[in-house]
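Descriptive analysis of the structure
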Amino acid sequence: MARAQTALVLGATGGIGGEVARQLRDGGWEVKALKRGMASQSERRDGITWLQGDALNAADVRRAAEGCAVIVHAVNPPGYRRWAELVLPMLDNTIAAAAGTGATIVLPGTVYNYGPDAFPMLDEDAPQNPVTRKGAIRVEMECRLQRHAKQGGRVLIVRAGDFFGPQAGNNWLSQGLIQPGKPVSRIQNPAQPGVGHQWAYLPDVARTMVALLAQRETLAPFATFHMAGFWDADGRQMAQAIQRVAARHGGEPRISAFPWWLIRCIAPFNTTLRELLEMRYLWRQPVQMINTKLQGVLGQEPNTPLDEAVEATLRGLGCLGPIDSTEAGRGVVAA
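Computed from a predicted model, the values in this text were never measured in an experiment.

About the criteria used
- Residues numbered from 1 in each chain as written.
- Predicted model: local features only at pLDDT ≥ 70, side-chain atom pairs only at ≥ 80, totals over all residues.
- Heavy atoms only, no water.
- Helix = DSSP H or I, 4+ residues; strand = E, 2+ residues; numbered from the N terminus.
- Rg over C-alpha atoms; globule rule 2.2 N^0.38 Å.
- Contact = heavy atoms within 4.5 Å.
- Areas by Shrake-Rupley, 256 points an atom, 1.4 Å probe, with all protein chains shown as cover.
- Lys, Arg positive; Asp, Glu negative; His and termini not counted.
- Charge placed at Lys NZ, Arg CZ, Asp CG, Glu CD.
- Buried < 20%, exposed > 50% of the residue type's maximum accessible area, 1.4 Å probe, protein only.
- Pairing = 2+ DSSP bridges.
- Axes fitted to C-alpha atoms, helices over the stretch in contact; angles between N-to-C directions.
- Core = buried A, V, L, I, M, F, W, Y, C linked by side-chain atoms within 4.5 Å.

Here we come to the overall build of the protein chain. Within the protein chain, the regular secondary structure consists of 12 helices and 17 strands. The C-alpha radius of gyration of the protein chain comes to 19 Å, within 12% of the 20 Å expected for a compact globule of 335 residues. Seen through its C-alpha atoms, the protein chain measures out along the principal axes to roughly 55 × 45 × 45 Å. Expressed as a percentage of contacts within the protein chain between residues at least 6 apart in sequence, the contacts between residues at least 24 apart total 73%. Just so you have it, the protein chain exposes about 14,500 Å², and 51% of that area is on carbon and sulfur atoms. Charge centroids of the protein chain, computed over 35 positive and 30 negative side chains, lie 5 Å from each other.

Here it is in structure tokens:
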């Protein structure tokens, strides 16, 4: 029998998984997390119960999910290696565990599911006709979750823009715009001039998920929500915010164009760069999600002011100095 306030987070060592785990913990939930390579079978650390196991192992996931009302599926294969091959079996393990416990599955969604026929404004009913291999796999993931919901399961998908945050892992801001661990001296902007881009501050995304989970019994069995996050209307506002924050700390970073030409040359020999190049279309045309449905349920979307979010992010990435543990999760609510 699932306990109402117990959650299993798969991917708790990553950006969105870790943020959701901490916010659930701070909201009074009992949080369990699965982690490979632990010396012991379980350990209690930072208010979270860490369990030895692998999301690729169905028995490990099933065992960890016992007694859980929620499973947050925010996990990827180690190092993103063999992503296309392993991501669906990992999801199948989560679905099987949820079917056995009655737990609600939470999935961080992406805009990769959509193609040009749905652009530029996306609501939850927009057609999903992706133009990339990664997008097709993301659509298949959601199709499997929808089948699970039709068979009596419960699913919550929260779709947001490009992640950034003080403890974010693989994302455009930390891997493309700046260099973590060093003062910001140069900002490489991947956006095409005048083309808008959507960003999502991880603490705000996690707060949104936790708030929706508090109302999960009133939501549809297969519930999807889009976040507005921060809309960079001309493709320069995020870079300029980084520049402003760095300047307040004595930096003088310049903004330059991201070297797409170099990525194109190296991509044939590097899997990560091939993935970046495949997603370039999202920087060449505006793709904006509409949060009307989310506002209808929550009233307002959690929205930390941009400069505050960027400052916390740069501190967390080691670009400004150490971050106060309370600063990363602080935010305000705005429409």
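On we go.
The next subject is the side chain of Lys134. Summarising the element assignment, Lys134 is placed in helix H4 (residues 133–150). Judged by relative accessible area, which is 15%, Lys134 ranks as buried. Not counting the four nearest positions on each side in its chain, Lys134 is found in contact with Trp83, Tyr112, Glu275, Glu278 and Met279.

To continue, consider unusual backbone geometry. The peptide bond linking Phe119 to Pro120 adopts the cis configuration, its omega dihedral lying at 5°. Locating Pro120 in the fold gives a position in the loop between strand S6 (104–109) and strand S7 (121–122). For Asp46, which is not glycine, the phi dihedral falls at a positive 55°. Looking at where Asp46 falls in the secondary structure, it is placed in the loop between strand S3 (42–45) and strand S4 (48–52).

The next thing to look at is the sheet that holds S6. Sheet architecture is open: eight strands sit in the order S3-S4-S2-S1-S5-S6-S8-S12, paired in mixed fashion. Looking at strand neighbours, the two that pair on one side only are S3 and strand S12 (222–226), the edges of this open sheet. Geometrically, the sheet is characterised by an average inter-axis angle of 20° between neighbouring strands, direction not taken into account. With four bridges joining them, S3 and S4 adopt antiparallel strand pairing.

What follows concerns helix H12 (residues 306–316). Within H12, eight of the 11 residues are buried, which leaves it mostly tucked inside the rest of the structure. When we look at burial in H12, the residues that qualify are Leu306, Ala309, Val310, Glu311, Ala312, Thr313, Leu314 and Arg315. Looking at the buried residues of H12, the elements they touch are strand S9 (162–164), helix H5 (172–177), strand S11 (197–201), strand S13 (230–232) and helix H7 (237–248). Just past H12, the residue Gly318 takes up positive phi, approximately 80°.

Where burial is concerned, most of S6 is hidden: six out of the six residues are buried. Taking every second residue as pointing to the same face, both faces of S6 are buried, with Thr104, Val106 and Pro108 on one and Ile105, Leu107 and Gly109 on the other. Judged from the three bridges that link them, strand S5 (residues 68–73) and S6 form a sheet pairing that is parallel. Of the residues in S6, the one forming a bridge with Val72 is Val106. Pairing geometry for S6 and strand S8 (residues 154–159), over six bridges, is parallel. Residue Leu107 lies in a different strand from S8, and its bridge partner there is Ile157.

So, on to the nonpolar core. Formed by 35 residues in total, the largest nonpolar core has its most connected members in Leu24, Val70, Val72 and Leu156. Mapped onto this core, the elements with two or more residues apiece are strand S1 (3–10), helix H1 (15–26), strand S2 (30–35), S4, S5, S8, helix H6 (202–213) and S12. Ignoring any residue separated from it by four or fewer positions in sequence, one finds Val72 in contact with Leu8, Val9, Leu10, Val20, Leu24 and Val106. Within the second largest apolar cluster, 31 residues are counted, among which are Phe164, Leu173, Ala246 and Ile263.

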